[in-house]
Structures are given as structure tokens and as C-alpha cells.
Amino acid sequence: MVSHFSRGGKDKGGILQHPDGTVLKQLQPPPRGPREQEFYSKVYDSDCCDRILLELREYLPKYFGVWSPPTAPNDTYLKLEDVTRKFNKPCIMDVKIGQKSYDPYASAEKIQQQVSKYPLMEEIGFLVLGMRVYHVSSDSYETQNQHYGRSLTKETVKDGISKFFHSGYCLRKDVVAASIQKVEKILEWFEGQTQLNFYASSLLFVYEGSCQATTVRLSDVTLAEKRRVPKGLLSGGDVLEYNNNIHVINSTENGKIEASVGKGLSKFYALHKKSCSKRHHSQLSLKVEDSEQDNVWKSSTCITQEHLNGNVLPQLEKVFYHMPAEPKESAKVEVRMIDFAHVFPSNTKDEGYIYGLKNLITVLQNILDN
């Protein structure tokens, strides 16, 4: 993919946008791809009555089966919910969880390769694979790849992760708090199940990076708000635009998908899969285009003394912290489990994953308490 988070080399597969707004993750070669497909199929089986698996659905992207392009019927894609779709300026982080990033069937060579990538995995229990953060101050994104995560030590991992929650103006503590709550729910699920073990699996964090309050003139207590107007369906359904990331132009008559790839989406679903297939990927015509600027509506609200009625402190506090004015906006956070090419049946708790989740929660709590 044409992005800062592309997997590099000849392997340009990964995540594509389907015209219906879902994302397509190309199936990896056996046994990884079929294993991931089997996992999703089992969890989302319409006849599933296993309480553990039914609860697990809450923490995964929704699964809509598999898809193949008419022009390349042998190429299979998992059709998944686009977790970033509802966000205007999505901030995205991918964190691999667990003490081991290799599964029980890995060869000695594979184990050595994985351990050498990040020797601290066993001690820390997680690894930041990449992040993309929107900075309100500069109206731009900052990106970090897997090399950034591998450079983090026990001493620097807290500051390394806190970078994800910084808007350019301030630390988004509301997002940190909401993230902790969501990770705790996933931990609760893991503490109550003994049938699956997850290796080299990740948590995908997404939150809304755009803020309403952008400037304040204390001289006359005027708040200037910048509001982004989301674009929806245009020109009779020909254009779908989500998050300024990937624009699906249309589905052409010959079955090819034409899409313009922007600056980043749920390519995070697969950003660290360097070992993915070197085989030829399906011929989907991709056009890279400059993202069209969103229309920006500006409104000024002058708060007069009689309207303040003692509420000046809470109002100004929101502005000083550059937080969205609506509480529901500030809590717009998603944390989903992704990447299931190494999930295996078990009869014990997944202690490695639990260790990683607990350590991650501790780090997030330290960021919040700082």
C-alpha cells in the first residue's frame, strides 16, 4: 500500500477499502490465512451458542465473510468492519500483546528471529507496532513505525505510548481513561476463558483526534470553533469518503475496484505483517490522489457576562485543555483485538496475553496519574 505504514518490499497487499465501506484484508498463505479465516468463521458462526465466543465478538471487528475480486477469483480477502470509519481525524495505534510473538509450533529459527526483533517482549509483554496521531495545532499527522516501538525500553515505554495520546496541545487524558476501561474489559474476558491462546495478536486503538475548541481570545472571551463537515455519499453514490483516508471511487463494470489511497486507515490491521505472502497479489487498480480538503465551517460564539452565570470556569477549562465541548465526543474511543493468524485451542488461561494486558494497563494508568 502507498503509505507510511506499508509493509515494504514486494509485498504491497494488506488492507483495501470495499465500496460498501468495509475493509478487505488479504488472506495470508497457509497455514496462517486459513487459520485466521477459521477463527473469524467460528466466532461469527450464526449457530454459535458458546458464551465465551459470543462475548468475544464485542472486542473484534465485525466479520462479513470472505470476498474475491472477479478478476482474480483465487485471491481471497477477509471482509471486516472498518473500525476507523466513524472518525473524522482517527488517531490509530497497533500494539502487539503477549510475552511471545511466536506460536507453540514455531521452529527454532522462527523463535530466534522473533525474539531478536524485540528481546524485551517477554518482560514488557507488549510491543508498539505503529501509531498515527493527529495534531490539532498543525492540522497534520505524526506517524511512527515498528522501529519506534522496538526502540522503547522499560524506562521509556511510558513516554513512548503517551505520545499517542498527545494532541499537539495537551495530553488527552479522557482518551487514556476510556482506553483503560476498554482494555480492562478485554482482560476480564481473558481471565474468564481457557479455550483459546493468542500469539502475535494485536490491540487496535482508535480515537477522535479533531477538537472543536481551537482558539481563545481571553480579552473578550470569544471562542472560535472549527467544525469539520463530514462528507457522505456524493454524486448518486459514486463516491464514498471516509476519514480522508481511502476514497472508493466506484466498482467498475469489469469487476476491478478503483480506489484512491490516502494517508492512512486500517492498514493498521496488517502493518507489521512483513512475513506475509510474497506471492502475486490481485490486480486491483489503485490510484493515488491528493485528498480533497474538507469544507471547514467556522462559527464564532461570543460569551457575554450575563450568559456565563458562574459557568466561566468549566467553559474555559474545556478550551484551555483543547477538549471537545461535548463529553460524548471526548470518549469516542475504540479498542479492538485484531490479527488472528496464530490463535490456537487451549485448556488453560492465556497467561502471556494476560501478562501483557496487565502491564499495558499499568503503563496507561501511570500516564493518567502523571
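All residue numbers refer to position in the chain's written sequence, counted from 1. Thresholds applied to this predicted model are a pLDDT of at least 70 for local features of residues and 80 or more for the giving and counting of side-chain atom pairs; totals over whole chains, interfaces and linings are not thresholded and use all residues. Hydrogen atoms and water are omitted, and side-chain values are computed over all heavy atoms in the structure.

The name given to the protein in an unreviewed UniProt entry is Kinase, with Zonotrichia albicollis as the source organism.

Asks: Describe the sheet that holds strand β17 (residues 333–338), with residues and values.
Replies: Any two strands with at least two DSSP-identified bridges between them are counted as paired. To qualify as a helix, a DSSP run of H or I must reach at least 4 residues; to qualify as a strand, a run of E must reach at least 2; elements of each kind are numbered from the N terminus. With antiparallel pairing, the five strands of this open sheet are ordered in space as β7-β6-β5-β9-β17. For this open sheet the edge positions go to β7 (140–144) and β17, each flanked by a neighbour on one side alone. Going across the sheet, the axis of each strand differs from the next one's by a mean of 15 degrees, ignoring polarity. As defined by bridge partners, strand β5 (residues 90–97) adjoins strand β6 (residues 126–135) across six bridges and the pair is classed as antiparallel. Counterpart to D94 in the pairing with β6 is G130. The strands touched by helix α7 (residues 173–191) within the sheet are β9 (201–208) and β17, with β17 carrying the most contacts at an inclination of about 35 degrees. Where helices are involved, their axes are fitted lines through C-alpha atoms of the stretch in contact, as for all axes, and angles between N-to-C directions lie from 0 to 180°. In what follows, residue pairs with any heavy atoms lying within 4.5 Å of each other are defined as contacts.

Asks: Explain the sheet that holds strand β4 (residues 77–80) residue by residue, including any values.
Replies: Sheets are built from strands that pair by backbone hydrogen bonding, the pairs being arranged parallel or antiparallel. The four strands lie next to each other as β1-β2-β4-β3, forming an open sheet whose pairing is antiparallel. In this open sheet, the two strands that pair with only one neighbour each are β1 (15–17) and β3 (63–67). On average, adjacent strands in this sheet sit at an angle of 30 degrees to one another, irrespective of strand direction. Where strand β2 (residues 23–26) meets β4, four bridges bridge the pair, whose relative direction is antiparallel. From the neighbouring strand, K25 faces β4, where its bridge partner is L78.

Asks: Can you tell me about unusual backbone geometry, naming the residues and giving the values?
Replies: Glycine aside, the phi torsion of most residues is negative, and most peptide linkages are trans. In the segment running from P30 into P31, the intervening peptide bond is cis, with an omega of 0 degrees. You can see P31 is positioned in the loop between β2 and α1 (32–43). The backbone phi angle of A200 is positive, close to 55 degrees, even though this residue is not glycine. Position of A200 among the secondary structure elements: in the loop between β8 (196–198) and β9.

Asks: Would you mind going over the side chain of D350 in detail, with residue names and values included?
Replies: Within the fold, D350 resides in the loop between β18 (343–345) and α11 (351–369). Only protein chains enter the accessibility calculation, which uses a 1.4 Å probe; a residue is then buried when its area is under 20% of its type maximum, exposed when over 50%, and partly exposed in between. By the counting rule applied here, Lys and Arg register as positive and Asp and Glu as negative, while His and the ends of each chain are not counted. Salt bridge, as used here, is a side-chain nitrogen of Lys or Arg placed within 4 Å of a carboxyl oxygen of Asp or Glu. For the buried D350, no salt bridge exists, and the shortest N-O distance to an oppositely charged side chain is 9.3 Å, to K100. There is a polar contact of 2.6 Å between the side chain of D350 and the backbone nitrogen of F198. Whenever two N or O atoms come within 3.5 Å, that pair is a polar contact, provided that in protein one can donate a hydrogen and the other can accept it, and provided that, for residues adjacent in sequence, both atoms are side-chain atoms.

Asks: Now, about the packing of aromatic side chains: what can you tell me, with residues and values included?
Replies: The geometry of two aromatic rings is summed up by the distance between their centres and the angle between their planes. When the centres of two rings from Phe, Tyr and Trp lie within 6.5 Å, Trp using its six-membered ring, the rings pair. Their planes under 30 degrees apart give stacked, over 60 give edge-to-face, and anything left gives tilted. Going through the model one piece at a time under the given rule, you end up with 19 aromatic pairs. Here F39 and F340 contribute two aromatic rings whose centre-to-centre distance is 4.4 Å and whose plane-to-plane angle is 35 degrees, an arrangement assigned as tilted. Here F340 lies in the loop between β17 and β18 and F39 lies in helix α1, a separation of 301 residues in the sequence. You can call F39 buried: its relative accessible area is 7%. On the numbers, 5.1 Å between centres and 15 degrees between planes, the contact of Y40 with Y63 is stacked.

Asks: Quick rundown of the environment of K79? Include the residues and the values.
Replies: For K79, the position within the fold is in strand β4. K79 sits in the buried class, given a relative accessible area of 11%. Every residue in contact with K79, bar those within four places of it in the chain, is listed here: H18, D20, T22, V23, L24, K62, Y63, F64, G65 and W67. Looking at K79, its side chain comes within polar contact range of the side chain of D20, at 2.4 Å.

Asks: Describe the pattern of salt bridges, with residues and values.
Replies: Within this structure, the stated rule accounts for 12 salt bridges. Put simply, E36 and K25 hold a salt bridge, and the shortest N to O gap is 3.0 Å. Taken together, the residues span a long stretch of sequence, with E36 in helix α1 and K25 in strand β2 at a distance of 11 residues. For the pair E36 and K25, a shared accessibility class is recorded, and that class is buried. Between E191 and K349 there is a salt bridge whose closest N-O contact spans 3.1 Å. Of this pair, E191 sits in helix α7 while K349 sits in the loop between β18 and α11, and the two are 158 residues apart along the sequence. Under the relative-accessibility criterion, E191 is labelled partly exposed at 30%. For K349, a relative accessible area of 32% translates into the label partly exposed.

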